[in-house]
Amino acid sequence: MKPSFRRECLICLWISLKIVVLILLVRIRSTEFVYQGF
Amino acid sequence: MIVSGPVNRYDEHIRMDLPPKTPPIQPIWLSVLNNITTGFLYKFVVAEYLRDYWFGPGMPLRSEGWLDTAILFIYIFFDFAGYSRIALGLGQALGVPTPENFKAPFRAASLADFFTRWHMSLGTFVQRNLYTPLQLHFVRRWGVKRAAYGSAIALGFAWIFVGLWHRISLMFLVYGLGMAALVWSEKYVRDRALKRAWARKKITIVIARILGPIYVFVVMTTMIHLVVGEIFR
């Protein structure tokens, strides 16, 4: 796949969205219970 | 104990000292961030929320039936693919070549295809260091005419190794032998079917692409159900 400004912007947007979701869910979960692992 | 991947090959690992042959398609930091965030999303959002939803918040993983194992199978994918992706991203960031470990395994239409997409680094390791050398050994010893027998025995050894890799126990030995029998039967049926004209028709290929992933999911869940007691022992 060729590098393009548009593609890089979309990846940046996707990364930002994932970071926002992670921060929000970590905040919600931290008030619920402690993660106990696999 | 579950020995986890990704498993790296020595010749790939020492490539970290060599300059890259081609420049990366996208800026490396973008790829690093993309892999790490996807890994975190898989492991701490998808896998953990699936676990909370199905098994209850803070409850241990367990299986009381086939459906529990099916959910566990999906959970294991997101958990394992998640941390493999984080390892891949960290490897890129630190300049350590790290192999890709998962490639949309639930889209696989056959068991053989599934294991080229699930824990790929272990599959490549076993194929390269056990299956191919054994197959060559048997062909040299017994001749090309009996290559099929050699191939079947090499497949058996490779799968027994994969089974025991997870845990040295009788059930994982049965799992390995079962998987070898399934993969071999699948190859046998496919080789025979491909000689028929109907098997090469477009509609047959489309149906196989739709039903294949369902068949793989059902068979894999059943095989995992066999050893699920061992995983949580």
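Keep in mind the model is a prediction, meaning the values are calculated, not measured. (Residues numbered from 1 in each chain as written. Chains lettered and ligands numbered in written order. Predicted model: local features only at pLDDT ≥ 70, side-chain atom pairs only at ≥ 80, totals over all residues. Heavy atoms only, no water.)

Caption draft 1: Inspection of the side chain of Asn34 of chain B at higher detail. Assignment of secondary structure puts Asn34 of chain B in helix H2 (residues 28–55). Side-chain polar atoms of Asn34 of chain B contact the side chain of Lys18 of chain A, separated by 2.7 Å. When neighbours within four sequence positions are excluded, Asn34 of chain B is seen to be in contact with Ile11, Trp14, Ile15 and Lys18 of chain A. (Helix = DSSP H or I, 4+ residues; strand = E, 2+ residues; numbered from the N terminus. Polar contact = N/O pair within 3.5 Å; in protein donor to acceptor, adjacent residues only side chain to side chain. Contact = heavy atoms within 4.5 Å.)

Caption draft 2: Seen up close, the pattern of salt bridges. Residue and element names in this part refer to chain B. With the rule as written, the count across this model stands at four salt bridges over all chains. Put simply, Arg62 and Glu64 hold a salt bridge, and the shortest N to O gap is 3.5 Å. In this structure Arg62 comes out as partly exposed when scored by relative accessible area, which is 29%. The class for Glu64 is exposed, based on a relative accessible area of 67%. Lys187 serves as the salt-bridge partner of Asp191, at 3.1 Å between the closest nitrogen and oxygen. Placement of the pair is Asp191 and Lys187 together in helix H7 (residues 170–193), with a separation of four residues, close to one helical turn. (Salt bridge = Lys/Arg side-chain N within 4 Å of Asp/Glu carboxyl O. Buried < 20%, exposed > 50% of the residue type's maximum accessible area, 1.4 Å probe, protein only.)

Caption draft 3: Molecular detail of the environment of Phe115 of chain B. Residue and element names in this part refer to chain B. Assignment of secondary structure puts Phe115 in the loop between helix H4 (111–114) and helix H5 (120–142). Between the C-alpha atoms of Phe115 and Phe102, which are 13 residues apart in sequence, the distance is 9.4 Å. Other than its neighbours up to four places away in sequence, Phe115 contacts Trp159, Tyr175, Met179 and Met220.

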